[in-house]
Amino acid sequence: MRIDDTDRRLLRRLLADPELSSGALADLAGVTPATASRRIDKMTREGVIRGQFAVIDWSALGYDVQVSLRFTIDKTNPRAFDEFLAAAREVPEVTEIQTFLGKVDVRLHVIARDMGHYQQIYRDRILTLPHIAEIEALMQVASIAERGALPL
Amino acid sequence: MTEIDDTDRAFLRALSADATLSAGELGRRFGLSQPAAWRRVKRLSDAGILAGRRVEIDHEALGFGVTVFLGVKLAAKGRVSLEDFERAVAAIPEVQLVHHVLGLYDYRLRIVARDLSDFERILRRRIMTLPGVGEVEANVLLSEERRPGPI
């Protein structure tokens, strides 16, 4: 689908503040509420907007540890990636899975209640994942900035 | 920490898959009245468990074909304050995420670019010129999925 300036304005506002009411979104983008909702619906139907998802603050549920685990996969086995990813999806504490072109093949974002819990997940669920060649851990200290906005 | 029950967990799972579900729809799905469903959502929001929304869009349709994760190490710790680095990096429009981390790198960044040459421009002009920046490792994102997490 073709995106015009009105669509772009709506998306920019929506990405900057996903919780805007449809009225406020229309106002900020300078269109009528009817136009705004028609455009948003169309972009959702056409897959430009893939979805709107609730963000869960895991620390409010007692998950205070967040670790970014970076894997190099043993690529001598052609099924290595698929088998690794399928097994990683079975670990409930994995909240994000990314694959890359670069030194790192896969990154898993893992949450845990505390360091003891993390150690248990790491030993029982992570080290047992198939086809791992190397693992590196980055322990999250703080989130300085997180935004969905694009430089549109 | 707020205690949550199985219905709360079902609500969280449903809303992480679709945040636009109304209280009426949630109620119908899980056998609650609309006001009862609304009260649950409000309680989860007030407790800070439901912490807003995320919109996912097709970046390529908007001309952003490349996402890169960067690991950044500061070169001269102590000479440059973390605050200066953080303020400068968070002000770059192409930077979507800045996490302070412990390990091989000091910061983890997520960057969007139009294409690889646009990324190279951002890397050279904006990232490598940051105060105190040292070693940088770039990995180009190929695929990404979010999982529901332990609920």
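No experiment lies behind these values; they were computed from the predicted model shown.

### Quick notes on the overall build of chain A
Piece 1. Secondary structure summary: chain A contains five helices and five strands in total.
Piece 2. Its helices and strands in sequence order give chain A the pattern α-α-α-β-β-α-β-β-α-β, from N to C terminus.
Piece 3. Over its C-alpha atoms chain A spans a radius of gyration of 20 Å, topping by over 25% the 15 Å that the globule rule assigns to 152 residues.
Piece 4. The dimensions of chain A, computed from C-alpha atoms along their principal axes, are 55 × 40 × 25 Å.
Piece 5. Out of the 152 residues belonging to chain A, those deemed buried represent 34%.
Piece 6. Pairs at least 24 apart in sequence give 63% of the contacts found in chain A among residues at least 6 apart.

### Concerning the domain arrangement of chain A
By a frequent convention, interface size equals the accessible area lost on bringing the separate parts together.
Piece 1. Splitting chain A by domain gives domain 1 (5–45) and domain 2 (58–139).
Piece 2. One C-alpha centre belongs to domain 1 of chain A, the other to domain 2 of chain A, and the line joining them spans 37 Å.

### Considerations on the interface of chain A and chain B
Piece 1. The partner chain B presents 55 residues to the 53 residues of chain A that form the contact.
Piece 2. Looking at the side of chain A that touches chain B, the elements that each hand over two or more residues are helix H1 (5–16), strand E1 (49–56), strand E3 (94–101) and strand E5 (132–146) of chain A.
Piece 3. Among the residues making up the side of chain A that touches chain B, the classes are represented as 31 nonpolar, twelve polar and ten charged.
Piece 4. Alignment of E5 of chain A against strand E3 (residues 95–102) of chain B, held across six bridges, turns out to be antiparallel.

### Focus on the domain arrangement of chain B
Piece 1. The domain boundaries assigned to chain B delineate domain 1 (6–46) and domain 2 (59–140).
Piece 2. Each of domain 1 of chain B and domain 2 of chain B has a C-alpha centre, and these two points are 38 Å apart.

### Considering the packing of H1 of chain A against helix H3 (residues 33–45) of chain A
Residue and element names in this part refer to chain A.
Piece 1. Where H1 contacts H3, the two axes come as close as 10 Å, and the packing angle between them is 85°. Between H1 and H3, the crossing angle belongs to the class labelled roughly perpendicular. Residues Thr6, Asp7 and Leu10 of H1 form the contact with H3, whose participating residues are Ala36, Arg39, Ile40 and Met43.
Piece 2. Residue classes in the contact of H1 with H3 are distributed as four nonpolar, one polar and two charged.

### Examining the environment of Ile92 of chain B
Residue and element names in this part refer to chain B.
Piece 1. The residue Ile92 is located in the loop between helix H4 (82–90) and E3 in this model.
Piece 2. Classification of Ile92 as partly exposed rests on a count of 18 C-beta atoms within 10 Å.
Piece 3. Placed 34 residues apart in sequence, Ile92 and Arg126 show a C-alpha to C-alpha distance of 7.3 Å.

### Quick word on the pairing of strand E5 (residues 133–146) of chain B
Piece 1. Judged from the six bridges that link them, E3 of chain A and E5 of chain B form a sheet pairing that is antiparallel. Within E5 of chain B, the position partnered with Phe100 of chain A by the bridge is Leu141 of chain B.
Piece 2. Relative to E5 of chain B, strand E2 (residues 66–74) of chain B runs antiparallel, the two sharing six bridges. When the bridges of E5 of chain B are listed, Phe69 of chain B appears paired with Asn139 of chain B.

Cut-offs used in this document
- Residues numbered from 1 in each chain as written.
- Chains lettered and ligands numbered in written order.
- Predicted model: local features only at pLDDT ≥ 70, side-chain atom pairs only at ≥ 80, totals over all residues.
- Helix = DSSP H or I, 4+ residues; strand = E, 2+ residues; numbered from the N terminus.
- Rg over C-alpha atoms; globule rule 2.2 N^0.38 Å.
- Buried ≥ 20, exposed ≤ 12 C-beta atoms within 10 Å, placed from the backbone.
- Contact = placed C-beta atoms within 7 Å.
- Domains from an automatic or database assignment.
- Nonpolar A, V, L, I, M, F, W, Y, C, P; charged D, E, K, R; others polar.
- Pairing = 2+ DSSP bridges.
- Axes fitted to C-alpha atoms, helices over the stretch in contact; angles between N-to-C directions.
- Parallel < 35°, antiparallel > 145°, perpendicular 65-115°, else oblique.

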